[in-house]
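Results of the structural survey
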Amino acid sequence: SSSSSSLNEEEGEEVLAKTFNANATHVDVSGNLMTSFVELGKIGKYFRNLEILDASDAYYDEDVGDIESGDASALAKEVALAASQFRNLKTLALNKTRTSWAKALLIIDQMPNLEELRLDRNELQNIAAVDERASRKYFPKVKVLSLDGNTCIKWDDLWALRFLPSLETLYASDCSVEHIAYQDDDENNNNNTNTNDDDKRFFRNLRGLFLGYNRVRSWQSVDVIDHFPRLECVRLSHNPFCENDSASRHEIVARAGKLLSLNASEITERERRESEIRYLRNVVAEVSSSSSIRLEDKELDAKMGSDEVLAKHPRAKALKEMHGERALAGVQTTKTTQSQQQLESRESGNGTSTNGGGASSSISLALTLTREGKGSKDRTFPKNVTVARVKTTCEKLFGMKLGTSTLAIRDRDEDETEKYTELEPDEDTLAYLGVESGAEIFVL
């Protein structure tokens, strides 16, 4: 595949005939010694059934200038003619080939069936806005566009691609993206009675956005993910806003309600529920801590729906309505209760207790193996015991592995219907989950 440069047409076809099957649909000439894209045209002329071409890691030196000016050079016309030999091509890789954005448009304009274009590490910058007309002209069927490693690309460059009609996956890792933004077209929305029509919105078919190793610094960039009409898979690892990717995962999942996959890992229903509850508890604790008294439910609802809180946590109010009061049991902590807890902690360290018996530092539970109440055993734990620790104790008490079993507390609805509320995630403490001393915990 590494043919020497400057072959005449007869020699080129002879080399191709000896090297490849003329009916081949996939040809890899990456790392070749050709010095111009025009020479690649010989490959297209020989392989009429070609669908995949990788011509990366080469240096094609043509400078086609500004093709949008309408004054294309003779060289640009030669490049266009060479590209026209690949009219059946569906995948084109021109990674690390010094290909400019203008030249890429000139090439793909001759490839009406192209579905995947890879332009990684080409030092691309200042991508000109591709309006609706240009999008239909150059990218009618392109579903995958990869711009990884173009270190000068910013979000404005990616936003310039918002009209691409078929784009489903956009790769832009290892670039210079500092934020993610989404702005609806107000004029377009005003002219349409149905402003929720996803087909009228920007990036209307985008499902995957990969922005690892960038410079995203704000959580507000995560909040706007839900604004994209169909976005469900993102990569945001190794960005400044999430210093620890694993620790930040639950908050990303909670803030972006439409996501199905994050950093190449599926988001399960259980993970979503646990992440949203954990995030919601943190928001409620943050809101409540600014008050010197415990907020009543209506006061808390008003605060959660305030402009100040919604600006910082846009999904907070919706999550509170979704997961209900049980998810928030025991969470609200005021300055007064914080001071009381600190006092109890100091007194406990001095061998005293505000309750006179040390109850503030422990919690008594009835551990029950079945819903029928069989196999119940009482145990006392430190007040900060985690769900995982209680599970381990249950395994020892009942001589069995819990496996996928969960712990739950029994409660009743307003209509007195019995229900069980699972205690999760494992790393949370029972106190954090609202479990009080004297509660009965069931193994389900």
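Heads up: the structure comes first, above all this text.
This section reports on the structure supplied with the text.

Reading the values: the criteria
- Residues numbered from 1 in each chain as written.
- Predicted model: local features only at pLDDT ≥ 70, side-chain atom pairs only at ≥ 80, totals over all residues.
- Heavy atoms only, no water.
- Helix = DSSP H or I, 4+ residues; strand = E, 2+ residues; numbered from the N terminus.
- Buried < 20%, exposed > 50% of the residue type's maximum accessible area, 1.4 Å probe, protein only.
- Contact = heavy atoms within 4.5 Å.
- Core = buried A, V, L, I, M, F, W, Y, C linked by side-chain atoms within 4.5 Å.
- Salt bridge = Lys/Arg side-chain N within 4 Å of Asp/Glu carboxyl O.
- Pairing = 2+ DSSP bridges.
- Polar contact = N/O pair within 3.5 Å; in protein donor to acceptor, adjacent residues only side chain to side chain.
- Arc of directions from axis to C-beta.
- Axes fitted to C-alpha atoms, helices over the stretch in contact; angles between N-to-C directions.
- Parallel < 35°, antiparallel > 145°, perpendicular 65-115°, else oblique.
- Left-handed = near helix turned anticlockwise from the far one by under 90°.
- Nonpolar A, V, L, I, M, F, W, Y, C, P; charged D, E, K, R; others polar.
- Phe/Tyr/Trp six-rings, centres within 6.5 Å; stacked < 30°, edge-to-face > 60°.
- Lys NZ or Arg CZ within 6 Å of the ring centre and 35° of its normal.

1. A closer look at the overall build of the protein chain
Helices and strands together make up the secondary structure of the protein chain, namely 15 helices and 15 strands. Out of the 444 residues in the protein chain, the part that is buried amounts to 44%. For the protein chain, the proportion of contacts with a sequence separation of at least 24, taken over those separated by at least 6, is 71%.

2. Quick word on the nonpolar core
Core analysis: the biggest nonpolar cluster contains 77 residues, and Phe-139, Leu-147, Leu-161 and Leu-170 have the highest contact counts within it. Elements with a contribution of two residues or more to this core: helix 2 (37–46), helix 3 (74–83), helix 4 (101–108), helix 5 (132–138), helix 6 (155–159) and helix 9 (245–255). Here this core takes 6 residues from helix 4, the largest share from any one element. When residues no more than four places from it in sequence are discounted, the contact partners of Leu-170 are Leu-145, Leu-147, Leu-158, Leu-161, Phe-203, Leu-206, Gly-208, Leu-209 and Phe-210. One finds Ile-363, Leu-365, Phe-398 and Leu-430 within the second-largest nonpolar core, a separate group that totals 19 residues.

3. Here we look at the environment of Ile-277
For Ile-277, the position within the fold is in helix 10 (residues 269–288). Separated by 43 residues in sequence, Ile-277 and Lys-320 place their C-alpha atoms 8.6 Å apart.

4. Structural notes on the pattern of salt bridges
Overall, the coordinates contain 15 salt bridges when judged by the stated rule. A salt bridge links Arg-98 to Asp-61, with the shortest nitrogen-to-oxygen separation between them at 3.3 Å. Separated by 37 residues along the polypeptide, Arg-98 in the loop between strand 3 (91–93) and helix 4 and Asp-61 in the loop between strand 2 (52–54) and helix 3 bring together distant segments of the chain. Here the salt bridges do not stand alone but share partners, grouping Arg-270, Arg-273, Glu-274 and Glu-424 into one network.

5. A look at the sheet that holds strand 2
Taken together, 10 strands build an open sheet; the order of strands is 1-2-3-4-5-6-7-8-9-10 and the sheet is mixed. On the outer flanks of this sheet lie strand 1 (26–28) and strand 10 (265–266), each paired with one strand and no other.

6. Looking at the pairing of strand 11 (residues 362–368)
Of all 7 residues in strand 11, 5 are buried, a share of seventy percent or more. In this sheet, strand 12 (residues 377–382) lies alongside strand 11 in antiparallel orientation, the contact comprising 6 bridges. Residue pairing in the sheet places Ala-366 in a bridge with Asp-378 of strand 12. Sheet analysis places strand 11 next to strand 15 (residues 440–443), joined by 3 bridges and oriented parallel. Its bridge partner lying in strand 15, Leu-367 is registered against Ile-441.

7. Notes on the side chain of Arg-249
Note on placement: Arg-249 falls in helix 9. Taking relative accessible area as the criterion, Arg-249 reaches 16% and is therefore assigned buried. A distance of 3.5 Å separates a polar side-chain atom of Arg-249 from the backbone oxygen of Glu-266. Those residues in contact with Arg-249, other than ones at most four positions away along the chain, are Leu-262, Ser-265, Glu-266, Ile-267 and Glu-271.

8. Looking at the side chain of Glu-274
Examined against the element boundaries, Glu-274 turns out to sit in helix 10. Exposure remark for Glu-274: the relative accessible area of 16% places this residue in the buried category. There is a polar contact of 2.9 Å between the side chain of Glu-274 and the side chain of Arg-270. Every residue in contact with Glu-274, bar those within four places of it in the chain, is listed here: Glu-424 and Pro-425.

9. Re unusual backbone geometry
For Asp-57, which is not glycine, the phi dihedral falls at a positive 55°. Within the secondary structure layout, Asp-57 lies in the loop between strand 2 and helix 3. For Asp-57, a relative accessible area of 38% translates into the label partly exposed. Of note, the phi angle at Ala-264 is positive, near 70°, even though the residue is not glycine. By the element assignment, Ala-264 lies in the loop between strand 9 (261–262) and strand 10.

10. A few points about the environment of Val-435
Looking at the element boundaries, Val-435 is found in the loop between strand 14 (418–422) and strand 15. Remark: the alpha-carbon pair of Val-435 and Lys-383, spanning 52 residues in sequence, is separated by 9.8 Å. The contact partners of Val-435, leaving out residues within four places of it in the chain, are Ile-363, Leu-365, Ile-409, Leu-423 and Leu-430.

11. Brief notes about helix 3
An α-helix turns once per 3.6 residues; consequently, residues spaced three or four apart project the same way. Those residues of helix 3 that fall on the buried side of the exposure criterion are Ala-76, Val-79, Ala-80, Ala-82 and Ala-83. Summarising the axial view, the buried residues of helix 3 lie within an arc of 160°, below the 170-degree limit, and thus occupy one face. Among the exposed residues of helix 3, those oriented more than 90 degrees off its buried face are Ala-74, Lys-77 and Leu-81. Against helix 2 and helix 4 lie the buried residues of helix 3.

12. Regarding the packing of helix 2 against helix 3
At their nearest, the axes of helix 2 and helix 3 sit 8 Å apart, and the two run at 20° to each other. By the angle between their axes, helix 2 is roughly parallel relative to helix 3. For the crossing formed where helix 2 meets helix 3, the hand is left-handed. Residue-level inspection shows Phe-37, Val-38 and Gly-41 of helix 2 in contact with helix 3, the latter providing Glu-78, Val-79, Ala-82 and Ala-83. Considering only residue class, the contact of helix 2 with helix 3 consists of 5 nonpolar, 1 polar and 1 charged.

13. Describing the packing of aromatic side chains
The relative placement of two aromatic rings is captured by the distance of their centres and the angle of their planes. A complete count under the given rule lists 15 aromatic pairs for this structure. Ring geometry for Phe-37 versus Tyr-60: centroids 6.5 Å apart, planes at 85°, classification edge-to-face. Of this pair, Phe-37 sits in helix 2 while Tyr-60 sits in the loop between strand 2 and helix 3, and the two are 23 residues apart along the sequence. Take Phe-37 and Tyr-60: they sit in the same class, and that class is buried. Within the aromatic cluster, the residues linked to one another by ring pairs are Trp-155, Trp-159, Phe-163, Tyr-182, Phe-202, Phe-203 and Phe-228. In this structure, Arg-118 packs its charged tip against the face of Tyr-171, placed 5.3 Å from the ring centre. Looking at Arg-162, its charged tip hangs above the ring of Phe-202, at a distance of 5.2 Å from the centre.

Remember, this is a structural readout, not a statement about activity or role.
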